[in-house]
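Next come the chains, spelled out residue by residue.
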Amino acid sequence: MPIQDTPLLGCIADDFTGATDLANMLVREGMRTVQTIGVPDVAPQDVDAIVVALKSRTVPADEAVAESLAALRWLQQQGCRQFFFKYCSTFDSTAKGNIGPVTDALLHALGSDFTIACPVFPETGRTLYRGHLFIQNQLLSESGMQNHPLTPMTDPNLVRVLQQQTPSKVGLIGYPVVSQGTGKIHSEMAALRQQGVRMAIVDALENQDLYAIGAACADLPLVTGGSGIALGLPGNFVRSGLLNPHNTKAAELPAVDGLSIVLAGSASKATNTQVSTWLESRPGFCIDPLALARGEPVVAQALAFTGRHLQQQPVLIYATTTPEQVKQVQAELGIERAGLLIEQALADIAAALLVQGVRRFVIAGGETSGAVVKALGVHALRIGAQIDPGVPATASTGARPLALALKSGNFGSTDFFEKALRHLGETRL
Ligand SMILES: Nc1ncnc2c1ncn2[C@@H]1O[C@H](COP(=O)(O)OP(=O)(O)OP(=O)(O)O)[C@@H](O)[C@H]1O
Ligand SMILES: O=C(O)[C@@H](O)C(=O)CO
């Protein structure tokens, strides 16, 4: 079989945990995948897919567009044939929203006039019906996401949400079409295109729908969505003889020795439960954003705390708290300042702990992961086995790798932190 020596799929992810989630999915479907932190200096070798992780979900739209276009240009230079824009399975957007502007800019740069938008991820309970996004049994706007610190989602109708972010016409490929399979989805795409629709939200309930939609996207230069829709894309390359269907499913990761830490900057429902579960039996230090704002030495206090425990067992450092407390802090400090203060503190703590011999990091939250991974000087990640749906074990590339698990706020079982540390090779639990 003639196998390509340049990457096939070039992906741009709007946050770091989302990037790992996508890379995990591609590895599971047989694509050798590397995740880079921003546009790297050195191109990864021997890969089928590259995921460029940006931190562009909550920045102003023009910055998100510029960073995404730079990533696209670099991926084009690497020889990628199809491009994927990954955003959150809960369609996280600020009030102004970056999904529309980035999609428009990527379509324009690729000379294309149509793409789909499908955040569905059934394994984590995200389904879409008649344009409405459900999280498990609840509408998006009643799922807890209405309280997100940075991207509160108060409208479950994604046609409406996306239409507010773009001058392009947004349409819907509903479940009655999707359930009829690839051929019907393909002809509906053509019909919508004729009507001037540039972006179509696509309903889906199960993985089999995602495979059917993925197959219908074989000829689209750009596909957008959550990690779920990426399930159906590797098959197109296998069918066209470009991808070896027998690739190893997950990369072997190097063994990493050293101390372990858990850093949580996510305030999601799932992370709140995971933090409470950890604190029932293990040490944790709470970051108080108001103390940070007053200029108190919170980072030094956190490091003094870890210094007392880390040689015996892993420690959790967290800013995670209830939606009510987050709102109070934001009212006092402003949303952006509160987020940045915490992200910077967790990044400073991570950098100091690295010097002290910490080599395994479990990090909760996409924005938080972005800040921490940058502070650790990581340039690219190899993707290993899945810990929980959407979260693989990873290792940084380079001579002295770090073991990392980047957890999206809403993902992971209640005992995720311990489970992830074990996956990264921690034996003292
Ligand atoms: N106690 C708090 N008060 C105010 N802001 C907080 C608090 N705790 C966390 N935050 C901020 O909320 C934001 C959470 O975003 P982050 O992306 O890290 O988590 P998430 O949205 O749950 O995860 P994901 O993006 O992977 O779904 C961060 O900017 C963080 O600093
Ligand atoms: O799609 C998801 O839910 C995650 O990968 C994510 O992007 C969370 O930030």
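Residues numbered from 1 in each chain as written. Chains lettered and ligands numbered in written order. Predicted model: local features only at pLDDT ≥ 70, side-chain atom pairs only at ≥ 80, totals over all residues.

- The protein chain is annotated in an unreviewed UniProt entry as 3-oxo-tetronate kinase from Collimonas arenae.
- Here is the UniProt Sequence similarities (unreviewed entry) comment for the protein chain, exactly as written: "Belongs to the four-carbon acid sugar kinase family."
- What UniProt states about the protein chain under its Function (unreviewed entry) heading is, verbatim, "Catalyzes the ATP-dependent phosphorylation of 3-oxo-tetronate to 3-oxo-tetronate 4-phosphate." (UniProt positions renumbered as here; feature names shortened; annotations may be inferred.)

1. A closer look at the overall build of the protein chain
Here is step 1: The secondary structure content of the protein chain amounts to 15 helices and 18 strands.
Here is step 2: Relative to the globule expectation of 22 Å for 429 residues, the C-alpha radius of gyration of the protein chain, 21 Å, shows essentially globular dimensions.
Here is step 3: Overall, the protein chain is about 65 × 50 × 35 Å in size when its C-alpha atoms are taken along their principal axes.
Here is step 4: For the protein chain, the proportion of its 429 residues judged to be buried stands at 53%.
Here is step 5: The long-range fraction of contacts in the protein chain, counting pairs at least 24 apart against all pairs at least 6 apart in sequence, stands at 73%. (Helix = DSSP H or I, 4+ residues; strand = E, 2+ residues; numbered from the N terminus. Rg over C-alpha atoms; globule rule 2.2 N^0.38 Å. Buried ≥ 20, exposed ≤ 12 C-beta atoms within 10 Å, placed from the backbone. Contact = placed C-beta atoms within 7 Å.)

2. Some words on the site of ligand 2
Here is step 1: Taken together, D15, T17, G18, D21, C88, S89, T90, G226, S227, G366, G390 and S408 are the residues near ligand 2.
Here is step 2: Residue contributions to the shell around ligand 2 peak at 3 residues, all from helix 1 (residues 16–28).
Here is step 3: When the residues that make up the shell around ligand 2 are grouped by side-chain class, the tally is 1 nonpolar, 9 polar and 2 charged.
Here is step 4: Residue-level mapping places the shell around ligand 2 at the junction of two domains, with at least three residues from each of domain 1 (9–239) and domain 2 (259–423). (Near = placed C-beta within 6 Å. Nonpolar A, V, L, I, M, F, W, Y, C, P; charged D, E, K, R; others polar. Domains from an automatic or database assignment.)

3. Quick notes on the packing of helix 11 (residues 298–309) against helix 13 (residues 335–355)
Here is step 1: Direction vectors running N to C along helix 11 and helix 13 enclose 45 degrees, while the axes themselves pass 10 Å from each other. With respect to their mutual orientation, helix 11 and helix 13 come out oblique. By crossing handedness, the relation of helix 11 to helix 13 is classed as right-handed. Here V298, V299, A302, L303 and T306 of helix 11 come into contact with helix 13, specifically with A345, D348, I349, A352 and L353.
Here is step 2: Residues of the contact of helix 11 with helix 13, tallied by class, amount to 8 nonpolar, 1 polar and 1 charged. (Axes fitted to C-alpha atoms, helices over the stretch in contact; angles between N-to-C directions. Parallel < 35°, antiparallel > 145°, perpendicular 65-115°, else oblique. Left-handed = near helix turned anticlockwise from the far one by under 90°.)

4. Some words on the site of ligand 1
Here is step 1: Ligand 1 sits among 30 residues. The nearest are S266, G339, G365, G366 and G409.
Here is step 2: Breaking the shell around ligand 1 down by element, the ones donating at least two residues are helix 12 (323–333), helix 13 and helix 14 (366–375).
Here is step 3: Residues lining the shell around ligand 1 come from more than one domain, with at least three contributed by each of domain 1 (9–239) and domain 2 (259–423).

5. Quick notes on the sheet that holds strand 7 (residues 132–135)
Hydrogen bonds between backbone groups are what pair the strands of a sheet, and the pairing can be parallel or antiparallel.
Here is step 1: The antiparallel open sheet is built from 3 strands, whose spatial order is 6-7-8. Looking along the sheet, the strands with just one partner apiece sit at the ends: strand 6 (126–129) and strand 8 (138–139).
Here is step 2: Of the pairings in the sheet, the one linking strand 7 to strand 8 comprises 2 bridges and is antiparallel in character. Note that in strand 8 the partner of F134 across the bridge is L139. (Pairing = 2+ DSSP bridges.)

6. Considerations on helix 7 (residues 207–216)
Here is step 1: Three or more residues of helix 7 are buried, namely D209, L210, A212, I213, G214 and A216.
Here is step 2: Residues of helix 7 that are buried make contact with strand 5 (115–118), helix 5 (175–178), helix 6 (182–194), strand 10 (197–202) and helix 8 (234–239).

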